[in-house]
Amino acid sequence: MLNLRADGIPLRGVNWWPLFDTVQWEYREETSQPLEAFIRPGGWNNGLYVSQAQGGDLARVHTPAADRYKDIIRRDRTAAGLVQAPPRRGNSPEAAAIMMAKAVNWEPSDAPNTPIGTAQGIFPGRVTWIRDVRVAPWDGKTGRWWEDGNINQPVLNDMFAKSLNALTGKKHNEQAWDALFRHYNAKQGRGSRGWQAGEQIAIKINMNNSGRTDQVDNRIDQSTHGLRALLAQLTGPGKVDPASIVVFDASRVITDRLYTPLHAEFPAVRWVNRAEAPGREAPQWVENAISYTSPEVQLGNALPKCCADATYLVNMALLKGHEISGVTLCAKNHFGSIQYPSRDHNKYVPQYSRPMTAWNGYVDLMGAPNLGGKTFLYIIDGVYATQTNVREPAPDRDRFNRLFNGEWSAMLLMSQDPVAIDSVGLDFLRAEYRENLGFSGAASLPKGSIVNSDNFLHEAALGRNAQLGPYRPGGQEIGSLGAHEHWNNETEKKYSRNLDPKKGKGVELVKVGV
């Protein structure tokens, strides 16, 4: 700062934030543990002071940065002055208006039906789509969306069964699961074989809005009904030993509304979430279980042991917008698999603030050997899709008025291709919510998160970044992770393989009959 002033730059000061190192951001929602449990790496660790637990109290301990700052002030007190930080998106009416205009006018950089990447799966690029309005009978007022009377379990079970058969081209679910296992194992060099005793399967669910085990709010997280359908399939026609299955979200809490009934039905299944709770394990972090392409990543190199130990992984995401990243689908679901999701969160999650050629950390998660590299099935639960990630579903905002005549989304997507399924999910959300996609109403985050929200799909399909070269999570080049394209229009919903089954190279959207 002093050197800049000496060079003639009229710098009056620096805004250094924060004054204190802060605790893990989960403390804002988690009240079952003492504050000192959250004073560990992963908060905002660039303050002048840290808080340390001493004798039951919190003591303020200065960092080396504080000494340096004091020295600067002693030499030139005016160097401690403050300047106003650049306005964040939405901090002023002008900034909000600019972002709104970008959102309204945003169009994907690639034209419809111009696929990129290499499609994956038994039927490359196939994404199954099933919709049955009977699965979502909630009137939007009575009870909560996740209660038994508001999700039709038999209908959802049928949707799962039909989707699995359509995804694999089989007539029976036993054959479908066998085909999925055999295809994945052949890709891994283990030969064409099914699941074998002792092989573990980890299921990543999305509990992003949960902070306490007894939480009973109405925000969108994983439903009991969707997870029940998957567990019943795996342990039934899939012939997987329940003791070989672990359900996890390492950065959030698996609530009692989910755990209690499903543990009673599947008592051998293990559960891992952010902190130890009755029946639920805290993550055992395995160091050096993940690495990243960019040397600047601060997310940490540890993963839960359940990921490191798993032979297979199921990515069970939700169909919803996101107030910062535009959408939260299968790729972003793995933010709940890493040790420090708060680090770098504002670096590449807000894709609207970066060019389409920017490196995207999602891709490293999608291709990491212990995450995406172990995933053999991708599911997007869209029984109650929502415009944003942090609000309770509201009929006037979240029903699909453009696509489905004001009904709930009432759908389910499945695929073996991680890029294709998120491309389809984005197309549905964008067609329905348009410039409002992701908007939660927060004054600091006005409309605009839809802008460049397909950046991670381009990067994952290409498998290489314009600046850093090939993506190399785990130190190995991953190449294309799948096929990306946008459909022809929201009425026909056709992709290149629908338009030309013989020569199409991108996505195939298979509408499954009910």
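Residues numbered from 1 in each chain as written. Predicted model: local features only at pLDDT ≥ 70, side-chain atom pairs only at ≥ 80, totals over all residues. Heavy atoms only, no water.

Draft legend 1. The arrangement of the environment of Asn206 in detail. Considering the arrangement of structural elements, one finds Asn206 in the loop between strand 5 (201-204) and helix 6 (224-235). Not counting chain neighbours up to four residues away, the residues in contact with Asn206 comprise Asp221, Gln222, Asp249, Met316, Leu318, Lys320, Thr328 and Asn333. From its side chain, Asn206 meets the backbone nitrogen of Asn208 in a polar contact 3.0 Å long. (Helix = DSSP H or I, 4+ residues; strand = E, 2+ residues; numbered from the N terminus. Contact = heavy atoms within 4.5 Å. Polar contact = N/O pair within 3.5 Å; in protein donor to acceptor, adjacent residues only side chain to side chain.)

Draft legend 2. Local environment of the packing of helix 13 (residues 418-433) against helix 14 (residues 455-462). Running from N to C, helix 13 and helix 14 cross one another at 160 degrees; their axes reach a closest spacing of 10 Å. Judged by the angle between their axes, helix 13 and helix 14 are roughly antiparallel. The two elements helix 13 and helix 14 cross, and the hand of that crossing is left-handed. For the pair helix 13 and helix 14, contact is made by Val419, Asp422, Ser423 and Leu426 and by Phe456, Leu457, Ala460 and Ala461, respectively. A per-class count over the contact of helix 13 with helix 14 returns 6 nonpolar, 1 polar and 1 charged. (Axes fitted to C-alpha atoms, helices over the stretch in contact; angles between N-to-C directions. Parallel < 35°, antiparallel > 145°, perpendicular 65-115°, else oblique. Left-handed = near helix turned anticlockwise from the far one by under 90°. Nonpolar A, V, L, I, M, F, W, Y, C, P; charged D, E, K, R; others polar.)

Draft legend 3. Examining the packing of aromatic side chains more closely. Per the counting criterion, the structure on display carries 20 aromatic pairs. Consider the rings of Trp145 and Tyr384, whose centres lie 6.1 Å apart with planes at 65 degrees: the pair is edge-to-face. With Trp145 in the loop between strand 4 (126-131) and helix 4 (153-168) and Tyr384 in strand 12 (residues 375-386), the pair connects residues that are 239 residues apart, well separated along the chain. The exposure class of Trp145 is buried, given its relative accessible area of 3%. Overall, Tyr384 belongs to the buried group, its relative accessible area being 4%. Put simply, the rings of Trp129, Phe400, Phe404, Phe428, Tyr433, Trp487 and Tyr495 pair up and form one aromatic cluster. For the cation-ring pair, Arg131 lies above Phe404, with the distance from its terminal atom to the ring centre recorded as 3.8 Å. Over the aromatic face of Trp146 sits the side chain of Arg257, whose NZ or CZ is 4.8 Å from the ring centroid. (Phe/Tyr/Trp six-rings, centres within 6.5 Å; stacked < 30°, edge-to-face > 60°. Buried < 20%, exposed > 50% of the residue type's maximum accessible area, 1.4 Å probe, protein only. Lys NZ or Arg CZ within 6 Å of the ring centre and 35° of its normal.)

Just distances and angles here, no functional claims.
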